[in-house]
Amino acid sequence: MAIEIFKRREQKYLITLEQYSLLLEQIMPYMRSDNFGVDGRYVVSSLYFDSDDHKIYFETKNKLAFRQKLRLRTYNETGIEKSAFLR
């Protein structure tokens, strides 16, 4: 199994509703709606798992180059008959 290692960088900004509207107006010509959900929107629910010694938490906190994540994710409604994705 090949392991892909990449550098990911996130920056988050707090913007006003007016800035959001202007940004949306500018990027919409280059985007398309997601085929799932209503009007391209849906609820994402994630449940993260860890070991008793919190190994995954400390890998993230200590910013290890290679770290793992174990997550159960559902989209829209959740239930015993619905789809869920374990990654």
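Residues numbered from 1 in each chain as written. Predicted model: local features only at pLDDT ≥ 70, side-chain atom pairs only at ≥ 80, totals over all residues. Heavy atoms only, no water.

**Section: the overall build of the chain**
Moving on, step 1. When you go through the chain residue by residue, the secondary structure sums to 2 helices and 3 strands.
Moving on, step 2. Walking the chain from its N terminus toward its C terminus, one meets helices and strands in the order α-β-α-β-β.
Moving on, step 3. On C-alpha atoms alone, the chain measures out to a radius of gyration of 18 Å, which is more than a quarter above the 12 Å that the 2.2 N^0.38 rule sets for 87 residues.
Moving on, step 4. By principal-axis analysis of the C-alpha atoms, the chain measures approximately 45 × 35 × 30 Å.
Moving on, step 5. Buried residues in the chain amount to 6% of all 87 residues.
Moving on, step 6. Counting only carbon and sulfur atoms, one obtains 55% of the accessible surface of the chain, whose full area is about 9000 Å².
Moving on, step 7. Treating the 15 positive side-chain charges of the chain as one cloud and the 12 negative ones as another, the clouds have centres 7 Å apart. (Helix = DSSP H or I, 4+ residues; strand = E, 2+ residues; numbered from the N terminus. Rg over C-alpha atoms; globule rule 2.2 N^0.38 Å. Buried < 20%, exposed > 50% of the residue type's maximum accessible area, 1.4 Å probe, protein only. Areas by Shrake-Rupley, 256 points an atom, 1.4 Å probe, with all protein chains shown as cover. Lys, Arg positive; Asp, Glu negative; His and termini not counted. Charge placed at Lys NZ, Arg CZ, Asp CG, Glu CD.)

**A word on the packing of aromatic side chains**
Moving on, step 1. All chains considered together, the criterion is met by 3 aromatic pairs.
Moving on, step 2. Look at Y42 and Y75: their rings are 5.5 Å apart centre to centre, the planes differ by 70 degrees, and that puts the pair in the edge-to-face class. Of this pair, Y42 sits in the loop between helix 1 (17-27) and strand 1 (44-49) while Y75 sits in strand 2 (residues 70-75), and the two are 33 residues apart along the sequence.
Moving on, step 3. Residue class for Y42 comes out partly exposed when judged on its relative accessible area of 30%.
Moving on, step 4. Relative accessible area serves as the criterion here: at 31%, Y75 is assigned to the partly exposed category.
Moving on, step 5. With a centroid separation of 5.8 Å and 70 degrees between ring planes, the pair formed by Y75 and F85 is classed as edge-to-face. Of this pair, Y75 sits in strand 2 while F85 is found in strand 3 (residues 85-86), placing the two residues 10 residues apart along the sequence.
Moving on, step 6. Aromatic rings pair up to connect Y42, Y75 and F85 into one cluster. (Phe/Tyr/Trp six-rings, centres within 6.5 Å; stacked < 30°, edge-to-face > 60°.)

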